[in-house]
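Chain and residue survey
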Amino acid sequence: MTLFEKIVAREIPAKIAFENDEILAFHDVNPQAPVHILVIPKRVIPRIAEAQASDGALIGRLLLTAKQIATDLGLSETGFRLVINSGRNGGETVPHLHVHLLGGRPMHWPPG
Ligand code: 5GP
């Protein structure tokens, strides 16, 4: 089981922001911004580099869910950032696809 599957199964506690039958969103344990939420598919896709065409609709709903959470938290006007890390150079540490939703402060570019 991935760490995030254990959060889905409630074996590891997390502050849940949104849930439906295929998606879970929860607050990052080590937040990098005032709002830092991880949006994951309950079904494991290890990383975006391994996503298949058949995962496309689910990945679309993942992004729309992140957008909806940002809107619900009042981040639409000031803006927010969505990040997907993939693989070692991408900074991925948990092999279960997740979208980082970051907001509540200005973001910088280029990222580190
Ligand atoms: P990645 O580096 O793979 O893109 O992101 C993994 C994220 O998961 C990190 O931001 C990290 O802080 C977060 N994380 C790691 N372990 C836990 C945990 O047990 N609970 C929660 N809520 N977040 C976690």
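Preceding this paragraph is the structure being described.
This structure is a prediction, so every number in the text was calculated from the model and none was measured.

A closer look at a nonpolar patch on the surface
A cluster of nonpolar residues, I48, L63, F80, L82 and I84, forms a patch on the protein surface that exposes about 350 Å² of accessible area. Considering the arrangement of structural elements, one finds I84 in the loop between β4 (80-83) and α3 (87-90). Accessibility expressed as a relative area gives 34% for I84, which makes it partly exposed.

Some points on the site of the ligand
The full set close to the ligand counts 16 residues, and D28, N85, T93, H98 and H100 are the nearest of them. With respect to the ligand, the side chain of D28 contributes an N or O atom lying 2.5 Å from an oxygen atom. Between the ligand and H100 there is a distance of 2.8 Å, counted from an oxygen atom to a side-chain nitrogen or oxygen. Contact with the protein chains covers 82% of the free accessible surface of the ligand, which is 520 Å². Judged by the proximity of its atoms to the pocket grid, the ligand belongs to the largest pocket.

Observations regarding the environment of A70
As for its position among the elements, A70 is in helix α2 (residues 56-72). When the C-alpha positions of A70 and G103 are compared, they lie 7.9 Å apart, and in sequence the two are 33 residues distant.

Basis of the calculations
Residues numbered from 1 in each chain as written. Predicted model: local features only at pLDDT ≥ 70, side-chain atom pairs only at ≥ 80, totals over all residues. Heavy atoms only, no water. Patch = residues over 30% accessible without salt bridge, like charges linked within 9 Å, V, L, I, M, F, W, Y side chains within 5 Å. Areas by Shrake-Rupley, 256 points an atom, 1.4 Å probe, with all protein chains shown as cover. Salt bridge = Lys/Arg side-chain N within 4 Å of Asp/Glu carboxyl O. Helix = DSSP H or I, 4+ residues; strand = E, 2+ residues; numbered from the N terminus. Buried < 20%, exposed > 50% of the residue type's maximum accessible area, 1.4 Å probe, protein only. Near = heavy atom within 4 Å. Polar contact = N/O pair within 3.5 Å; in protein donor to acceptor, adjacent residues only side chain to side chain. 1 Å grid on protein atoms, 1.4 Å probe; cavity = no way out; pocket = protein on both sides within 12 Å on 5 of 7 lines; lining within 4 Å. Sits in = over half its atoms within 2 Å of the grid points.

Everything listed here is a matter of coordinates, which is why it stays silent on function.
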